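# Secondary and tertiary structure notes
Spelled out from the first residue to the last, the chains are:
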Amino acid sequence: MKKAYIFLADGFEEVEGLTAVDLLRRAGIEVVMVSIKDDVNIKGARGINVIADTTISDELSDADMVILPGGMPGTNYLKENQQVRKLVSEYNEAGKYVAAICAAPTVFGDMGILAGKKATCYPGLEPGLTGAMWPGEDYKVVQDGNIITSRGVGTAIDFALKLIEVLIDSKKSDEIAKSIVF
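Keep in mind it's a predicted model, so treat the numbers as computed, not measured.

## Observations concerning the pattern of salt bridges
One side chain can pair with another of opposite charge once the charged atoms of both are near each other. Applying the stated criterion across every chain, the model contains 9 salt bridges. With a shortest N-O distance of 2.8 Å, Asp10 and Lys37 are connected by a salt bridge. One end of the pair, Asp10, is in the loop between strand S1 (3-8) and helix H1 (14-26); the other, Lys37, is in the loop between strand S2 (30-35) and strand S3 (41-43), and 27 residues separate them in sequence. Residue class for Asp10 comes out partly exposed when judged on its relative accessible area of 25%.

Now the structure itself:
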């Protein structure tokens, strides 16, 4: 079974984070919601309370993918968290998938892992994609090797379906899309 960790910080964008959790779980992927603080209670950007499955630790190296939802100030908390940065770096260096949506691709930009890669993000935050090649606003989801980025709430389903495609295959992604009438 494929496995993904999604890092949640207070102020994360609920639609982006929970759409990925929901659709990946529908596809049979084990998704673990990880609080980046010592408490599993997370409050999203729109005030929706979520209980994470666990808290962040260095023991989170056994998955196929890490996912960063956007939202403010959640993205800033992800960017400042040294354990998040360490795990993203380790996954990227191992060639495992690292995925981010909305403002969160700027975490990758800040870490320098987008240099020479195609990436996208929330409109207006492109300067935070340090070293990346922005393909333009027509792209809802951009994959360059093991790095997957997306633009925002309106692309959350496209993003989640892309994650299913890379972790399983396009047939499963299409099956999930059909099942949710997408």
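## Re the nonpolar core
Most often, soluble globular proteins have nonpolar side chains that are buried together. Leu24 and Ile67 are the most contacted members of the largest nonpolar core, which has 32 residues in total. The set of elements that each furnish at least two residues to this core consists of S1, H1, S2, strand S6 (65-68), strand S7 (97-101), helix H5 (156-167) and helix H6 (170-179). Ranked by the residues each element gives to this core, the list is headed by H5, at 8 residues. In this view, Ile67 contacts Ala4, Tyr5, Ile6, Phe7, Leu24, Ala99, Phe159 and Leu163; residues no more than four positions away in its chain are not counted. Counting residues in hydrophobic clusters, the runner-up holds 27 residues, among them Ala9, Ile113, Cys121 and Leu129.

## Section: the packing of H5 against H6
The angle between the axes and the distance between the axes are what describe a pair of packed helices. Two elements in contact, H5 and H6, have axes separated by 7 Å at closest approach and are oriented at 145°. As H5 packs across H6, the resulting crossing turns out to be right-handed. Across the interface between the two elements, Leu161, Ile164 and Glu165 from H5 touch Ser170, Lys172, Ser173, Ile176 and Ala177 from H6. For the contact of H5 with H6, a count of residues per class yields 4 nonpolar, 2 polar and 2 charged.

## Re the sheet that holds strand S9 (residues 147-150)
Read from one edge of the open sheet, 7 strands run S5-S2-S1-S6-S7-S9-S8, paired in mixed fashion. Looking at which strands have only one partner, the edges of the open sheet turn out to be strand S5 (54-55) and strand S8 (141-144). In this structure, S7 lies alongside S9, joined through 4 bridges in parallel fashion. Across the sheet, the residue bridging to Val98 is Ile147, located in S9.

Here is what the cut-offs are and how they apply
Residues numbered from 1 in each chain as written. Predicted model: local features only at pLDDT ≥ 70, side-chain atom pairs only at ≥ 80, totals over all residues. Heavy atoms only, no water. Salt bridge = Lys/Arg side-chain N within 4 Å of Asp/Glu carboxyl O. Helix = DSSP H or I, 4+ residues; strand = E, 2+ residues; numbered from the N terminus. Buried < 20%, exposed > 50% of the residue type's maximum accessible area, 1.4 Å probe, protein only. Core = buried A, V, L, I, M, F, W, Y, C linked by side-chain atoms within 4.5 Å. Contact = heavy atoms within 4.5 Å. Axes fitted to C-alpha atoms, helices over the stretch in contact; angles between N-to-C directions. Left-handed = near helix turned anticlockwise from the far one by under 90°. Nonpolar A, V, L, I, M, F, W, Y, C, P; charged D, E, K, R; others polar. Pairing = 2+ DSSP bridges.

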